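# Per-entry structural report
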Amino acid sequence: MPIDIAAMNLIVIILATLVAGIGSVWLAALLLRVGVRSGSGGVNSQHLLSLAAGALLATAFMHLLPEAFESRIEPAMLFGVLLFGLVFFFLLDKAELWHHGHEHHHGDALPGPVGQQAAGHAHDHDHGGHAHHDHGDHSHGHAPRAGGGWAVLTGDSVHCFGDGILIASAFIADIRLGLVAAVAVLAHEIPHHIGDLVVLRQSSANQRVALVKVSLAGTMTMLGGIVGWWLVDRLHGLLPYFLVLAASSFVYVALADLIPQLQKRLPARQTAAQIAWLIVGIALVTLVSRLAHGEHDHGHAEHGHAEHGHAHEGEGAPAHKD
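Residues numbered from 1 in each chain as written. Predicted model: local features only at pLDDT ≥ 70, side-chain atom pairs only at ≥ 80, totals over all residues. Heavy atoms only, no water.

Let us now look at the overall build of the protein. What the protein contains, in helices and strands, is 12 helices and two strands. Along the protein, from the amino end to the carboxyl end, the secondary structure elements read α-β-β-α-α-α-α-α-α-α-α-α-α-α. Counting only residues that meet the buried cut, the protein has 50% of its 322 residues in that class. Here the contacts in the protein between residues at least 6 apart in sequence split such that 81% fall between residues at least 24 apart. On the protein, roughly 15300 Å² of surface is accessible, and the fraction owed to carbon and sulfur atoms is 66%. (Helix = DSSP H or I, 4+ residues; strand = E, 2+ residues; numbered from the N terminus. Buried < 20%, exposed > 50% of the residue type's maximum accessible area, 1.4 Å probe, protein only. Contact = heavy atoms within 4.5 Å. Areas by Shrake-Rupley, 256 points an atom, 1.4 Å probe, with all protein chains shown as cover.)

Shown next, in the form of structure tokens:
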């Protein structure tokens, strides 16, 4: 890879990871100010979760995995890496480093009685549908004090660092893929950061301090992007594996973190709204990919012909950086 292209890639990665990391924090703070609700009016938290889940799943299955499977690596090997990634992120989840208990905080992010009701519903879901409304009345506010706040920041920092590596891997494969991955990370971090801000506001009297702390955790996305750029650029032959790991991360977060929060008994109208916003998330990723394709078409045309030629010859190795 020529030095100027590598430097340009690094600049784009830094900008994208800053937007995904810090931009998601500021958007979360803006939504909290506007008012996040679980019912009608305001910004519906269920819609945010549905949109994020759709964006993550679309990015994984329509972009990251197809890009990885264009390589000449045996599909069975890549599926093995996908399985390893799902188990790996499950273990991080158990260590409270990746998932870091966001599902316990979304109810807190909803102000007033509506938030208490949502927290109660989440608690009901976590205990197999048995009613524990006494916890809902407290909105879990008794748990996350100062120590819990630092635990959230630590988990958030690790998660953001990992997101940065995944975004960098996608950008090195293809700029369109990187933009799509950055949008997916931005979408799923917004509801997560809403929970983080509420937890830290409970342990700090100053709301601005909470915003600064979560923003600093968000900068770890940029640091992860720089590390990912350095690492993947030197291990380019392993790029398909990085893409599959990125896909496994997105699939795990969507299926183990976001969608379970949507699996509640709701009226048909609200269920239809959830499905609609899930489709909006998929459409958003598709739109970003199309727009990026249009801007990147001229520089990508020759590469596309060459790559299809390799595919017909059975040499589907990723030639993106030749």
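Still more ground to cover, so stick around.
A word on the packing of helix 2 (residues 45–69) against helix 8 (residues 175–203). At a minimum axis separation of 9 Å, helix 2 and helix 8 run at an interaxial angle of 155°. One way to sum up the angle between helix 2 and helix 8 is to call them roughly antiparallel. By crossing handedness, the relation of helix 2 to helix 8 is classed as left-handed. Residues Leu48, Leu49, Leu51, Ala52, Ala55, Leu56, Thr59, His63, Leu64 and Glu67 of helix 2 form the contact with helix 8, whose participating residues are Leu177, Val180, Ala181, Ala184, Ala187, His188, Pro191 and Ile194. The residue makeup of the contact of helix 2 with helix 8, split by class, is 14 nonpolar, three polar and one charged. (Axes fitted to C-alpha atoms, helices over the stretch in contact; angles between N-to-C directions. Parallel < 35°, antiparallel > 145°, perpendicular 65-115°, else oblique. Left-handed = near helix turned anticlockwise from the far one by under 90°. Nonpolar A, V, L, I, M, F, W, Y, C, P; charged D, E, K, R; others polar.)

Considering the arrangement of structural elements, one finds His63 in helix 2. Excluding anything up to four places from it in sequence, His63 contacts Ala58, Leu177, Val180, Val285 and Ser289.

A few words on the side chain of Ser169. Its location among the elements puts Ser169 in helix 7 (residues 146–173). Ser169 gets classed as buried once you look at its relative accessible area, which sits at 0%. Ignoring anything within four residues of it in the chain, the contact list for Ser169 reads Val232, Leu239, Phe242 and Leu243.

Two numbers describe how helix 9 (residues 207–218) lies on helix 10 (residues 220–234): the axes approach to 4 Å, and their chain directions differ by 10°. The angle between the axes of helix 9 and helix 10 places the two elements in the roughly parallel class. For the pair formed by helix 9 and helix 10, the contact residues are Leu216, Ala217 and Gly218 on the first element and Met220, Thr221 and Met222 on the second. Taken together, the residues of the contact of helix 9 with helix 10 sort by class into four nonpolar, two polar and no charged.

Inspection of every chain in the model, using the stated rule, returns three aromatic pairs. Look at Phe69 and Phe79: their rings are 5.1 Å apart centre to centre, the planes differ by 50°, and that puts the pair in the tilted class. In this pair, Phe69 sits in helix 2 while Phe79 sits in helix 3 (residues 75–94), placing the two residues 10 residues apart along the sequence. Relative accessible area serves as the criterion here: at 29%, Phe69 is assigned to the partly exposed category. For the pair Phe84 and Phe88, a centre-to-centre distance of 6.0 Å together with 15° between the ring planes defines the contact as stacked. With Phe84 and Phe88 both in helix 3 and four residues apart, the pair spans about one turn of that helix. Look at Phe88 and you get partly exposed, because its relative accessible area is 36%. (Phe/Tyr/Trp six-rings, centres within 6.5 Å; stacked < 30°, edge-to-face > 60°.)

This part is about the pattern of salt bridges. If you walk through the whole model with that rule in mind, you get one salt bridge. With a closest N to O distance of 3.2 Å, Asp174 and Arg176 form a salt bridge. The burial state of Asp174 is the same as that of Arg176; both residues are buried. (Salt bridge = Lys/Arg side-chain N within 4 Å of Asp/Glu carboxyl O.)

Among the nonpolar cores identified, the biggest contains 51 residues, and Leu56, Leu64, Leu243, Val244, Phe250 and Leu258 are the most heavily contacted of them. Contributions of two or more residues to this core are made by helix 1 (3–34), helix 2, helix 3, helix 7, helix 8, helix 10, helix 11 (239–258) and helix 12 (268–312). By residue number, the principal contributor to this core is helix 2, which donates 12 residues. With sequence-adjacent residues up to four places away left out, Leu56 is seen in contact with Ala184, His188, Phe250, Val253, Ala254 and Leu258. Ranked by size, the runner-up nonpolar core spans 15 residues in total, among them Ala29, Val198, Ala210 and Ala217. (Core = buried A, V, L, I, M, F, W, Y, C linked by side-chain atoms within 4.5 Å.)

Our next topic: the environment of Leu56. For Leu56, the position within the fold is in helix 2. Judged by its relative accessible area of 0%, Leu56 falls in the buried class. When the C-alpha atoms of Leu56 and Ala254 are compared, they prove to be 6.3 Å apart, with 198 residues separating the residues in sequence.

Moving on, we come to the environment of Gly23. On the secondary structure map, Gly23 appears in helix 1. Classification of Gly23 by relative accessible area gives buried; the value is 19%. Along the primary structure Gly23 and Glu189 are separated by 166 residues, whereas in three dimensions their C-alpha atoms are 9.5 Å apart. Here Gly23 is in contact with Leu18 and Leu186, once residues within four sequence places are set aside.

Our focus in this paragraph is a nonpolar patch on the surface. Taken together, Leu83, Val87, Phe90 and Leu91 make up a surface patch of nonpolar side chains, about 380 Å² in accessible area. Its location among the elements puts Phe90 in helix 3. The exposure class assigned to Phe90 is partly exposed, which follows from its relative accessible area of 40%. (Patch = residues over 30% accessible without salt bridge, like charges linked within 9 Å, V, L, I, M, F, W, Y side chains within 5 Å.)

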